[in-house]
Amino acid sequence: MRTCLIALAGLVALGGCVSNTASMQLYPLKGSIAETDPTLVIEATARNASGTSGSLSFQLPERVDCQGTWSSLTPRTVSSSRGMSLTWRKTGGEVGSEVATVAGVNNGEIYAVCDDGTRVQGTFIIGSGTSSGTGTATDTNGNVYKLLF
């Protein structure tokens, strides 16, 4: 029974690591990859999906591994309060600050370098508080991709 509990705890811990990733798809639109196989979908894995940046990995055709970074610019509002409160519940001074994420559409970028020297760079938009978005990317070999996640 103890062995089962240890195994279950390990699976729960591993599941916590896996759930913080998101899948991105790069669809070749123009260039040699689209000409060779227009149905190809390049699957990318974005780590730290609940944050505003993280690592990115994918594989181009011919088994070329690519590693990089994604980043989203999430605007925030900061407010601070200072003063005196004269209510029955809270008497005395009050000092504080609050940071909140602004709802809306945020900009982001991806950048990756592949084992063969190819560089992939793109931009995307993403909804605040979501892990889905759309954009475009290009590489140094003249390929253009539609980016969806």
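Keep in mind that what you see is a predicted model, and the values were worked out from it rather than measured.

What counts, and where the lines are drawn
Residues numbered from 1 in each chain as written. Predicted model: local features only at pLDDT ≥ 70, side-chain atom pairs only at ≥ 80, totals over all residues. Heavy atoms only, no water. Helix = DSSP H or I, 4+ residues; strand = E, 2+ residues; numbered from the N terminus. Buried < 20%, exposed > 50% of the residue type's maximum accessible area, 1.4 Å probe, protein only. Phe/Tyr/Trp six-rings, centres within 6.5 Å; stacked < 30°, edge-to-face > 60°. Polar contact = N/O pair within 3.5 Å; in protein donor to acceptor, adjacent residues only side chain to side chain. Contact = heavy atoms within 4.5 Å.

Visitor: Describe unusual backbone geometry, listing the residues and the values that go with them.
Guide: Even without glycine at this site, Asn 48 takes up a positive phi of about 60 degrees. In this fold, Asn 48 is placed in the loop between β2 (42–47) and β3 (53–60). Asn 48 gets classed as partly exposed once you look at its relative accessible area, which sits at 33%. A positive phi angle, close to 70 degrees, is found at Glu 62, a residue other than glycine. Here Glu 62 shows up in the loop between β3 and β4 (64–73).

Visitor: Tell me what's going on with the packing of aromatic side chains, and back it up with residues and numbers.
Guide: Applying the stated criterion to the full structure yields 1 aromatic pair. A ring pair is formed by Phe 124 and Phe 149, whose centres lie 5.1 Å apart and whose planes are at 90 degrees; its orientation type is edge-to-face. Of the two residues, Phe 124 sits in strand β8 (residues 119–127) while Phe 149 sits in the segment after β10 (144–148), which places them 25 residues apart along the sequence. Taking relative accessible area as the criterion, Phe 149 reaches 17% and is therefore assigned buried.

Visitor: Could you give an account of the side chain of Ser 57, with specific residues and numbers?
Guide: Here Ser 57 shows up in strand β3. At 3.2 Å, the side chain of Ser 57 and the side chain of Arg 47 are in polar contact. Setting aside anything within four residues of it in sequence, one finds Ser 57 in contact with Glu 43, Ala 44, Thr 45, Arg 47, Cys 66 and Gln 67.

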